[in-house]
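Given next are the chains, with one letter for each unit.
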Protein chains: 2
Amino acid sequence: MIRLFVDSDLTEAARITIGAEPSHYLTRVMRLGPGAALLVFNGRDGEWRATLAEVSKRGCILVPEFQVRPQATTPDLELVIALVKRARLETIVEKAAELGVRRVRLVLTERTNADHANVARLTAIATEASEQTGRLDVPTVVAPQPLSVVLSGIEPGRRLMFCDEGGEATPVAEALSGAFAGPWAVLIGPEGGFSPAERAAIRDLAFALPVSLGPRILRADTAAIAALSVWQSTLGDWRGLEVGPSAAQVN
Amino acid sequence: MIRLFVDSDLTEAARITIGAEPSHYLTRVMRLGPGAALLVFNGRDGEWRATLAEVSKRGCILVPEFQVRPQATTPDLELVIALVKRARLETIVEKAAELGVRRVRLVLTERTNADHANVARLTAIATEASEQTGRLDVPTVVAPQPLSVVLSGIEPGRRLMFCDEGGEATPVAEALSGAFAGPWAVLIGPEGGFSPAERAAIRDLAFALPVSLGPRILRADTAAIAALSVWQSTLGDWRGLEVGPSAAQVN
């Protein structure tokens with residue numbers, strides 16, 4: 001069944017007007033007509049079964065019928081990634097949504113070529129991927145900030161998995177085995193890697209855990225997907241355990 | 001330094017003529033001139049430092065100088081993947097090369113829409129990714145075959161990690177923990193999943209290990225990259241151990 005993210009509160013028999021773009025998607029692309037059923041979520045009220053009550057080019061009206069699933073969240077995992085070229089950045093955001101991160105932070109580094117990203121477009125990609133992957137929230141995409149700002153803004157209690165290409169880091173599975181099960185961020189550098197000064201500064205952080213992703217050089221998008229997958233399988237909700245709604249409960 | 005895959009044997013002072021396409025890449029794209037140094041490999045003779053001895057539009061001549069690294073192989077890992085749309089299939093092959101598989105087998109399933117793939121183009125993508133990732137061999141891309149043919153052709157001693165979307169499979173990290181460290185294949189279904197009959201047939205295979213990649217629905221390309229990454233981190237050469245040249249030595 002089609003899943004749609006909406007901004008509005010979901011309550012029984014509310015009448016939710018959606019914009020021209022999702023209306024076009026529902027009626028033209030997916031060819032739904034009046035009375036059709038779909039699933040909606042807003043990141044707060046769980047997943048609801050809804051009916052397409054009125055169809056119009058400018059805006060359809062949806063009526064939530066009943067809640068199908070209570071709200072749940074993904075593990076408290078962030079992806080911190082250096083800006084890369086547009087196509088690969090879009091792949092990374094799509095995959096991060098599927099792999100269950102809560103936030104994607106874009107960072108500017110010494111060897112980052114780009115200095116700007118279309119956050120609205122990346123958010124639309126994250127939303128569509130969240131609809132398709134079945135999650136009940138949409139990851140936030142945070143506009144590019146300098147690396148030093150992002151690192152100094154990491155809140156107490158969050159750990160940083162630093163995917164370190166410089167050799168001598170611990171193999172990732174070994175490093176994560178038995179590790180802290182609270183909030184984490186995964187840090188991936190730009191295509192040319194971090195500069196020696198950046199690398200030294202990251203390794204100096206008490207909350208940083210340098211890990212190795214094997215003997216081959218990985219592109220940034222491959223490294224991001226690989227790192228998030230290994231984290232989810234080792235510490236995240238791929239373990240088959242119930243993951244609570246907040247990080248405090250997890251730990 | 002630029003890395004180039006060549007077919008020819010690599011021996012001291014051999015004169016290797018390369019075709020118009022790699023010649024264009026070296027001289028026009030990378031702007032190398034006569035006397036420039038590069039690295040070459042052929043999947044058999046290790047990595048050699050070579051000199052661009054003669055430059056021509058129709059074919060440059062390379063002269064190997066000395067071996068830089070002895071031949072090494074990636075772990076004996078295959079990716080068996082249902083045909084998906086071209087762009088995602090190309091992503092999968094690129095990533096599989098970076099993640100260190102030896103072979104990519106394309107399969108036709110009940111719910112596969114496509115029936116044909118451009119194996120030459122996929123091989124070129126695998127070659128370029130192998131050059132960039134630093135490996136000393138190039139994964140083979142095997143033309144599409146029916147699922148039953150591929151499954152019945154799996155040689156004795158190889159295990160099959162079946163990424164099972166049907167629920168109730170063991171979480172992947174738990175399933176692979178302490179598992180057999182010899183040859184494996186990773187099996188990923190088409191976008192619509194395997195049919196119930198296909199799924200039952202796969203689960204009936206004595207050498208198949210059904211695993212779960214978490215609670216969200218993953219696209220085929222995401223699932224492939226995730227599964228290969230978790231395998232490499234748990235049983236492959238991301239563990240930081242020396243991996244021998246043949247499966248027999250690994251086990």
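A quick note: this is a predicted structure, and the numbers were derived from the prediction, not measured.

S.K.: Looking at this model, I keep getting lost on the nonpolar core. Mind explaining?
M.R.: A general trend in soluble globular proteins is that nonpolar side chains are found buried together. Among the nonpolar cores identified, the biggest contains 90 residues, and Leu79(A), Met161(A), Ile188(A), Leu79(B), Met161(B) and Ile188(B) are the most heavily contacted of them. With 17 residues, the next largest nonpolar core counts Leu4(A), Leu26(A), Ala36(A) and Leu52(A) among its residues.

S.K.: Which parts of the structure should I look at to understand unusual backbone geometry?
M.R.: Excluding glycine, residues mostly have negative phi values, and the peptide bonds linking residues are mostly trans. One non-glycine residue, Ala13(A), lies in positive phi territory at about 65°. Examined against the element boundaries, Ala13(A) turns out to sit in the loop between strand E1 (3-5) and strand E2 (16-17).

S.K.: How do you make sense of the interface of chain A and chain B when you look at a structure like this?
M.R.: When the parts of a complex come together, some accessible area is lost, and that lost area is often used as the size of the interface. Contacts between chain A and chain B engage 33 residues on the former and 33 residues on the latter. Here chain A meets chain B over a buried area of about 2,700 Å², counting both sides, of which 53% is carbon and sulfur. Considering only the surface of chain A that becomes buried against chain B, Glu98(A), Arg216(A) and Trp238(A) emerge as the three largest contributors, covering 26% of it. Here chain A is connected to chain B by eight salt bridges. Measuring nitrogen to oxygen at the nearest pair gives 2.9 Å for the salt bridge that ties Lys95(A) to Asp221(B). Elements that contribute at least two residues to the side of chain A that touches chain B include exactly helix H2 (86-98), helix H3 (119-133), helix H5 (172-176) and helix H7 (220-234) of chain A. Across the side of chain A that touches chain B, the residue classes break down as 13 nonpolar, 10 polar and 10 charged.

S.K.: What should I look at first to understand the domain arrangement of chain A in this one?
M.R.: Residues and elements named next belong to chain A. You can read the domains of chain A as domain 1 (3-69) and domain 2 (77-250). With centres defined by C-alpha atoms, the gap from domain 1 to domain 2 works out at 32 Å. Among the residues of domain 1 in contact with domain 2, Arg 3, Phe 5 and Phe 41 are the three that bury the most area, contributing 64% of the side total. Applying the counting criterion to the domain 1 and domain 2 interface returns zero salt bridges. Summed over the shared surface of domain 1 and domain 2, the number is seven residue pairs in polar contact (both at pLDDT 80 or more).

S.K.: Just to check I follow, could you spell out the pattern of salt bridges for this structure?
M.R.: For side chains of opposite charge, pairing can occur when their charged atoms come near one another. Residues and elements named next belong to chain A. A full pass over the atoms with the stated rule returns 46 salt bridges over all chains. In this structure, Arg 203 and Asp 164 form a salt bridge, with 2.4 Å as the shortest nitrogen-oxygen distance. Residue Arg 203 is located in helix H6 (residues 196-204), and its partner Asp 164 is located in the loop between strand E9 (159-163) and strand E10 (170-171); the two are separated by 39 residues in the primary sequence. Taking relative accessible area as the criterion, Arg 203 reaches 32% and is therefore assigned partly exposed. Overall, Asp 164 belongs to the buried group, its relative accessible area being 4%. Where salt bridges share partners, they join Asp 76, Glu 78, Arg 102, Arg 103, Arg 105, Glu 155 and Arg 158 into one cluster.

S.K.: How should the relation of the copies chain A and chain B be read in this particular structure?
M.R.: Here two copies of a chain appear, and what relates them is a rotation about an axis with a shift along it. Each copy of the sequence occupies a distinct position, and chain A is placed on chain B by a rotation of 180° and an axial shift of 0.0 Å, giving an RMSD of 0.0 Å. Look at the turn and shift together and you get a two-fold axis relating the two. Mapped onto chain B, 100% of the interface residues of chain A again fall at the interface, so both copies present the same surface.

S.K.: What should I look at first to understand H7(A) in this one?
M.R.: Along an α-helix, residues three or four apart share an orientation, since each turn contains 3.6 residues. Helix length check: H7(A) (15 residues) gives 21 Å between terminal C-alpha atoms against 21 Å at 1.5 Å per residue, within 8%. With respect to burial, H7(A) is a largely interior element, 14 of its 15 residues being buried.

S.K.: In this structure, what is going on with the packing of H7(A) against helix H7 (residues 220-234) of chain B? I would like to understand it.
M.R.: Helix packing geometry: the angle between the two helix axes and the distance between the axes. Running from N to C, H7(A) and H7(B) cross one another at 65°; their axes reach a closest spacing of 8 Å. By the angle between their axes, H7(A) is roughly perpendicular relative to H7(B). Considering only the axes of H7(A) and H7(B), their crossing is right-handed. Facing Ile225(A), Ala226(A), Ser229(A), Val230(A) and Ser233(A) of H7(A), the residues of H7(B) in contact are Ile225(B), Ala226(B), Ser229(B), Val230(B) and Ser233(B).

S.K.: Hey, could you run me through H3(A) in this one?
M.R.: All names here are of chain A. Taking 1.5 Å of rise per residue, 15 residues should cover 21 Å, and H3 covers 21 Å from first to last C-alpha, within 8% of that figure. Within the sequence span of H3, burial applies to Leu 122, Ile 125, Ala 126, Thr 127, Ala 129, Ser 130, Glu 131 and Thr 133. Taken together, the buried residues of H3 touch E1, strand E3 (37-41), H2, strand E7 (103-108) and strand E8 (140-146). Positive phi appears at Gly 134, one or two residues downstream of H3, with a value of about 95°.

How each quantity is defined
- Residues numbered from 1 in each chain as written.
- Chains lettered and ligands numbered in written order.
- Predicted model: local features only at pLDDT ≥ 70, side-chain atom pairs only at ≥ 80, totals over all residues.
- Heavy atoms only, no water.
- Core = buried A, V, L, I, M, F, W, Y, C linked by side-chain atoms within 4.5 Å.
- Buried < 20%, exposed > 50% of the residue type's maximum accessible area, 1.4 Å probe, protein only.
- Helix = DSSP H or I, 4+ residues; strand = E, 2+ residues; numbered from the N terminus.
- Contact = heavy atoms within 4.5 Å.
- Buried area = accessible area lost by both parts, 1.4 Å probe.
- Salt bridge = Lys/Arg side-chain N within 4 Å of Asp/Glu carboxyl O.
- Nonpolar A, V, L, I, M, F, W, Y, C, P; charged D, E, K, R; others polar.
- Domains from an automatic or database assignment.
- Polar contact = N/O pair within 3.5 Å; in protein donor to acceptor, adjacent residues only side chain to side chain.
- Least-squares fit on C-alpha atoms with pLDDT ≥ 70 in both.
- Expected span 1.5 Å × (residues − 1).
- Axes fitted to C-alpha atoms, helices over the stretch in contact; angles between N-to-C directions.
- Parallel < 35°, antiparallel > 145°, perpendicular 65-115°, else oblique.
- Left-handed = near helix turned anticlockwise from the far one by under 90°.

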